[in-house]
Amino acid sequence: GDSVTQMEGPVTLSEEAFLTINCTYTATGYPSLFWYVQYPGEGLQLLLKATKADDKGSNKGFEATYRKETTSFHLEKGSVQVSDSAVYFCALSAYTDKLIFGTGTRLQVFP
Amino acid sequence: GAGVSQSPRYKVAKRGQDVALRCDPISGHVSLFWYQQALGQGPEFLTYFQNEAQLDKSGLPSDRFFAERPEGSVSTLKIQRTQQEDSAVYLCASSLEGLGGPNTEAFFGQGTRLTVV
């Protein structure tokens with residue numbers, strides 16, 4: 001069945017460091033891919049998405065490119081801030097109305 | 001409010017009790033989803049409504065779980081005879097339309113944390 005695998009956390013970085021959170025997927029066909037973020041005490045929020053191969057989603061300095069050849073959608077940010085500390089979830093939706101999530105990666109950014 | 005609202009935020013139930021969890025979606029949103037999130041895991045799909053029609057309930061773990069959305073707005077997830085393994089955060093999400101289109105987005109509530117003791 002369809003699935004999402006993302007790197008385990010926590011990822012601990014200093015402010016202004018470069019961030020990569022890896023995400024790979026397994027799906028039939030061509031799914032839409034998403035990154036959701038959950039800040040402490042808040043609900044899941046859509047961070048960015050891409051709906052077809054080679055699309056790049058971007059928001060708040062975060063980027064992810066839909067790579068069909070490697071079935072990946074890695075999340076990157078050039079310079080993280082303390083306020084980026086949160087749990088990040090990679091997800092896909094493949095011709096259905098359900099989102100399939102990875103297990104989440106906790107990011108901790110220290111000043 | 002402008003967002004998805006869930007109540008209660010926290011619920012403690014004794015094993016064997018029935019519970020009802022409420023979701024108020026964003027006004028006008030056609031699609032409504034329920035997810036279950038165990039500690040340290042990602043959300044897992046339970047069920048999906050389009051207006052009042054329950055189009056997919058493939059994720060409901062047992063016949064003790066029941067969801068309804070009788071008027072196509074507010075939804076209730078009911079769990080009968082709760083068990084300890086039902087302890088989780090239950091998330092509700094709504095979207096203006098289905099997720100298949102390129103311009104759709106699911107908005108999530110803060111969830112209800114259910115603890116079965």
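Above this text sits the structure in question.
What counts and what doesn't
- Residues numbered from 1 in each chain as written.
- Chains lettered and ligands numbered in written order.
- Predicted model: local features only at pLDDT ≥ 70, side-chain atom pairs only at ≥ 80, totals over all residues.
- Heavy atoms only, no water.
- Helix = DSSP H or I, 4+ residues; strand = E, 2+ residues; numbered from the N terminus.
- Rg over C-alpha atoms; globule rule 2.2 N^0.38 Å.
- Areas by Shrake-Rupley, 256 points an atom, 1.4 Å probe, with all protein chains shown as cover.
- Lys, Arg positive; Asp, Glu negative; His and termini not counted.
- Charge placed at Lys NZ, Arg CZ, Asp CG, Glu CD.
- Buried < 20%, exposed > 50% of the residue type's maximum accessible area, 1.4 Å probe, protein only.
- Contact = heavy atoms within 4.5 Å.
- Pairing = 2+ DSSP bridges.
- Axes fitted to C-alpha atoms, helices over the stretch in contact; angles between N-to-C directions.
- Polar contact = N/O pair within 3.5 Å; in protein donor to acceptor, adjacent residues only side chain to side chain.
- Buried area = accessible area lost by both parts, 1.4 Å probe.
- Salt bridge = Lys/Arg side-chain N within 4 Å of Asp/Glu carboxyl O.

What follows deals with the overall build of chain A. Each helix and strand counted, chain A has 0 helices and 12 strands in total. Shown N-terminal to C-terminal, the secondary structure of chain A runs as helices and strands in the order β-β-β-β-β-β-β-β-β-β-β-β. Relative to a compact globule of 111 residues, whose C-alpha radius of gyration would be 13 Å, chain A shows 13 Å and is just as compact. Seen through its principal axes, chain A has C-alpha atoms that stretch 45 × 25 × 20 Å. Entry remark: accessible area of chain A is about 5,200 Å², with carbon and sulfur atoms responsible for 48%. The centroid of the 9 positive side-chain charges in chain A is displaced by 5 Å from the centroid of its 12 negative side-chain charges.

With that out of the way, let us pick up the overall build of chain B. From N to C terminus, chain B includes 0 helices and 11 strands. Taken along its principal axes, the extent of the C-alpha atoms in chain B is 40 × 25 × 25 Å. Relative to its 117 residues, chain B shows a buried fraction of 46%. Here the analysis covers contacts within chain B between residues at least 6 apart in sequence; of these, 54% occur between residues at least 24 apart. Total accessible area on chain B is roughly 5,800 Å²; 46% of this is exposed by carbon and sulfur atoms. Of the charged side chains in chain B, 11 are positive and 12 negative; the average position of the first set lies 10 Å away from that of the second.

Attention now goes to the sheet that holds strand S3 (residues 19-21) of chain A. Residues and elements named next belong to chain A. The 4 strands lie next to each other as S3-S9-S8-S7, forming an open sheet whose pairing is antiparallel. Here the strands that pair on one side only, and so sit at the sheet edges, are S3 and strand S7 (56-59). Taking each pair of neighbouring strands and ignoring which way they run, the sheet shows an average axis angle of 15 degrees. As paired strands, S3 and strand S9 (residues 75-77) are joined by 3 bridges and run antiparallel to one another. Across the sheet, residue Leu19 finds its bridge partner in S9, namely Lys77.

Further remarks concern the side chain of A:Lys77. Residues and elements named next belong to chain A. Mapped onto the secondary structure, Lys77 falls in strand S9. We classify Lys77 as buried; its relative accessible area is 9%. Reaching out from Lys77, the side chain makes a polar contact with the side chain of Asp84 at a distance of 2.8 Å. With near-sequence residues (within four places) excluded, Lys77 lies in contact with Ala17, Phe18, Leu19, Lys60, Gly61, Phe62 and Asp84.

A separate point is the interface of chain B and chain A. On the side of chain A, 18 residues touch chain B, which itself brings 23 residues to the contact. Both faces combined, the contact of chain B with chain A buries some 1,600 Å², and carbon together with sulfur accounts for 52% of it. Summed over the shared surface of chain B and chain A, the result is 1 salt bridge. Between A:Lys98 and B:Asp56 there is a salt bridge; the shortest N-O distance is 3.5 Å.

Note that every value here comes from positions in space, so none of it alone points to a role or purpose.
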